[in-house]
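Fold and contact review
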Amino acid sequence: MSVEEKTVHYDSPAGGWGSVRGIAEVFGKEWATPLATETLFHQNKPGGFMCTSCSWAKPANYHPFEFCENGAKATLWELTTRRCKPEFFGKHTLTELRGWSDYELEQTGRLTHPLRYDRASDRYVACGWDEAFREIGAELQRLDPKSTVFYSSGRASLETSYLYALFARLYGHNNLPDSSNMCHETTSVALKKVIGESVGTVVFDDLSTCDAMFFFGQNTGTNSPRFLHPLQEASKRGVKIITFNPVRERGLESFTNPQSPVEMLTRKATPISAQYHQVRPGGDIAAILGLCKHIFAADDAAKARGTRVLDVDFIAQHTTGLDAFEAKVRATSWEEIERESGLARADIEAAGQVYVEAERVCAFYGMGLTQHVHGFENVAMVVNLLLLKGNIGRDGTGVSPVRGHSNVQGQRTVGISEKPELVPLDRIAAQFGFEPPREKGVNTVEACEGILKGTIKAFIGLGGNFVRAIPDQDRMEKAWTGMRLTVQVATKLNRSHLVNGEIAYLLPCLGRTEEDKQAGGPQAVSVEDTFSCIYGSKGRRTPASDFLKSEVAIVAGLAKATLAPNPKVTWDAWVGDYGLIRDEIAKTYVEEFHDFNDRLWIPGGFYRGNSARERIWKTESGKATFTAPEVMSAAGFGDADGRYRLITMRSNDQFNTTIYGYSDRLRGIEGTRDVLLMNPAEIRRAGLTEGQVVSLVSDAGDGITREVTGLTVTPFSLPDGCLGAYYPEMNPLMALSHHDIQSGTPAAKSVPVRIKPEAGGPKADRREPTGHSAHPI
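Here's what I pulled together on the structure shown here. These numbers were taken from a predicted model, which means no experiment stands behind them.

1. Regarding the side chain of Asp122
Among the structural elements, Asp122 can be located in the loop between β4 (115-118) and β5 (123-126). Setting aside residues up to four positions removed in sequence, Asp122 forms contacts with Thr93, Leu94, Thr95 and Tyr117.

2. Description of the packing of aromatic side chains
One pair of aromatic rings is described through two measures. These are the centre distance and the angle between the planes. A full pass over the atoms with the stated rule returns 30 aromatic pairs. Each ring, one from Tyr117 and one from Tyr124, has its centre 6.0 Å from the other, and the planes form 70°; the classification is edge-to-face. Classification of Tyr117 as buried rests on a relative accessible area of 11%. Judged by its relative accessible area of 2%, Tyr124 is buried. An aromatic cluster is defined as three or more aromatic residues linked by ring pairs; in this entry it consists of Phe88, Phe89, Trp100, Tyr117 and Tyr124. The ring of Phe637 has Arg645 sitting right over it, with the charged end atom 5.7 Å from the ring centre.

3. Quick notes on the nonpolar core
With 60 residues, the main nonpolar core has Ile195, Phe214, Phe216, Phe244, Phe325 and Leu388 as its most contacted residues. With 11 residues, the top contributor of residues to this core is helix α13 (residues 284-304). Setting aside chain neighbours within four positions, we find Phe216 in contact with Phe244, Asp284, Ile288, Leu291, Phe364, Tyr365, Gly366, Leu369, Val382 and Leu385. In this structure, Ile416, Ile460, Leu563 and Val569 belong to the second largest nonpolar core, which totals 59 residues.

4. Brief notes about the sheet that holds strand β16 (residues 485-490)
Here we have 6 strands laid out as an open sheet, ordered β5-β4-β17-β16-β15-β6, and mixed in their pairing. With partners counted over all chains shown, the strands left at the sheet margins are β5 and β6 (148-152), one partner each. Each adjacent strand pair in this sheet contributes to an overall mean axis angle of 20°, direction not counted. When β4 meets strand β17 (residues 503-508), the two strands line up antiparallel, connected through 2 bridges. Bridge assignment links Leu115 to a residue of β17, and that residue is Leu506.

Basis of the calculations
Residues numbered from 1 in each chain as written. Predicted model: local features only at pLDDT ≥ 70, side-chain atom pairs only at ≥ 80, totals over all residues. Heavy atoms only, no water. Helix = DSSP H or I, 4+ residues; strand = E, 2+ residues; numbered from the N terminus. Contact = heavy atoms within 4.5 Å. Phe/Tyr/Trp six-rings, centres within 6.5 Å; stacked < 30°, edge-to-face > 60°. Buried < 20%, exposed > 50% of the residue type's maximum accessible area, 1.4 Å probe, protein only. Lys NZ or Arg CZ within 6 Å of the ring centre and 35° of its normal. Core = buried A, V, L, I, M, F, W, Y, C linked by side-chain atoms within 4.5 Å. Pairing = 2+ DSSP bridges. Axes fitted to C-alpha atoms, helices over the stretch in contact; angles between N-to-C directions.

It is worth stressing that arrangement in space is one thing and function is another; only the former is reported here.
This is the structure:
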């Protein structure tokens with residue numbers, strides 16, 4: 001088979017025996033105990049613990065095995081029997097460890113002791129909790145609060161997040177970036193402006209009452225695999241699922257339910273997408289505008305017959321801006337739509353006809369829309385599409401950003417935000433007897449800019465792998481060491497822990513699967529899912545070390561060591577009984593969290609409400625807003641000879657920056673992450689050959705050299721002018737300035753790059769076919 005025809009692919013459906021094998025392989029690699037299997041049976045169920053990976057719903061009528069392959073991997077990863085003890089750091093300097101891969105660092109196991117960085121020996125050394133809190137608090141007291149950043153990853157619970165935000169404001173700043181800044185901040189900004197809510201309007205029950213689903217830039221099979229169950233059910237009952245995505249993701253093509261003995265034994269697969277359109281990266285604005293153009297044409301034809309396609313009553317009562325939007329759509333030629341979207345008019349019209357004929361439509365999207373320079377326009381276009389037929393505010397309809405990390409949406413709900421206007425500061429002021437800062441804080445990009453300039457002096461990281469997750473990684477690592485203080489709260493070792501400020505601490509915390517015993521007894525926490533439902537979560541397993549503290553206890557310990565006493569701020573009482581924290585949350589957010597403790601264990605969670613779902617539009621105009629796009633491509637840069645649009649992607653064997661192994665089964669890529677995916681015709685046009693080793697060079701045009709080397713050219717089904725490669729390995733290519741204009745979200749789905757062939761033969765790539773570390777641990 002020639003390179004023009006041959007591509008890497010995976011023939012089997014998502015789910016099925018491949019999913020079972022994936023779980024089994026991680027079980028073996030982590031040396032998990034039989035108790036780990038028992039723990040999985042309590043995952044995402046009332047009275048159990050909520051998965052630490054994705055934020056998909058935990059339905060009241062749950063499956064016997066209410067976890068997916070990646071959710072099981074996340075749990076087994078946390079329950080590993082491997083331990084990263086202080087003795088490990090006695091054998092390895094941080095300089096040496098920076099040469100290890102992300103996978104190898106994770107495989108060292110759970111951190112067991114609080115650690116202080118000893119610069120003289122370039123090693124972490126064990127320290128006591130009191131020492132760590134005292135020294136960190138003393139450093140924070142010496143610094144201007146506005147020169148510090150309090151970052152949080154999406155895993156932290158509502159209780160921890162609420163206290164963390166309170167700590168920051170009591171200390172004196174709103175510098176509270178979180179992982180949503182790197183993924184769905186575009187959603188928060190765009191939806192807030194056009195429908196008055198910063199989150200989606202779809203709830204879980206809508207999945208069973210809609211008759212069409214439109215997907216844009218979301219990889220369900222890897223990023224939220226439990227979504228495949230309702231998608232399969234929808235497909236079986238005749239729901240038309242229409243997908244727009246540059247990459248053909250297996251989970252949106254076909255699925256075998258691992259919980260169905262019949263399907264497993266017969267290897268029967270359910271087709272998922274009725275239509276699959278490989279839109280050009282950045283081309284969604286044009287594609288959706290084409291859908292709307294077809295809808296207006298269908299409405300014209302319907303008017304001639306005395307009927308309507310548009311929901312004119314809804315539009316008149318609930319929306320504004322249609323005239324300008326309609327004028328833009330009608331004035332845009334099909335030639336321009338085809339050029340920018342990379343799709344044929346007939347294909348767009350076929351998708352548009354599904355929308356015309358559907359009574360109830362839900363639209364789902366992921367970071368394929370949000371991570372562009374004009375990501376705002378992408379999201380606004382999805383809302384435009386839905387508004388045309390009143391597909392927001394009715395059962396079986398709505399817009400649904402599919403969030404990634406477990407509680408990333410919930411953190412914003414309880415105050416993790418750099419935007420003071422989104423937080424009820426007056427209520428917080430009265431509640432705790434202080435005047436919160438009112439100045440805007442820094443988001444992720446602004447925090448990085450401050451570190452590069454030297455104006456940010458301290459970074460406190462509540463989970464996550466910030467240094468590895470951000471753009472411009474090489475530049476940022478060099479600047480990172482210029483800070484006075486860096487503190488990382490974590491369960492396992494990652495790259496961010498190896499690049500430190502002058503004073504640095506690594507503080508190990510409990511995982512969500514582990515029992516959290518405090519003065520008031522075993523404690524529970526809570527999280528919010530992508531559908532705005534709140535769940536209790538309670539760990540059962542014995543902690544990995546007697547020296548671990550909960551995230552709540554760590555935040556409280558840091559705050560007590562830093563802040564002057566306040567009689568209304570009772571850190572010790574809150575650590576002893578998390579129910580008291582929930583009482584405070586309910587006082588601050590009365591409408592969303594009334595009777596919080598009483599509702600904590602409702603099967604399926606309790607819904608915190610959404611005004612746009614009730615067709616109450618908290619926008620400037622008081623109505624939902626049609627937005628005429630100002631550009632036709634979200635990429636933020638034009639075409640040029642030799643310039644490509646790079647999509648950064650996650651594999652089937654990772655979650656965010658956590659690498660579980662070297663198997664991207666659903667794409668047919670095994671044993672390596674050092675690949676450059678191109679369509680065969682593009683390989684030929686570039687004068688390259690399959691298996692050739694090349695480098696990628698940034699084409700940001702800012703005069704800064706950014707390069708990633710050692711990538712093997714691999715044929716793959718992608719649109720022309722598009723490349724694919726793995727995140728976070730490609731982050732060094734992303735300019736910090738390359739982000740959504742309105743939200744600051746890094747534009748990781750359309751990175752301008754050029755290909756540079758490397759001299760010499762193939763390199764020795766990072767292959768781990770057995771899943772074992774190349775380094776002794």
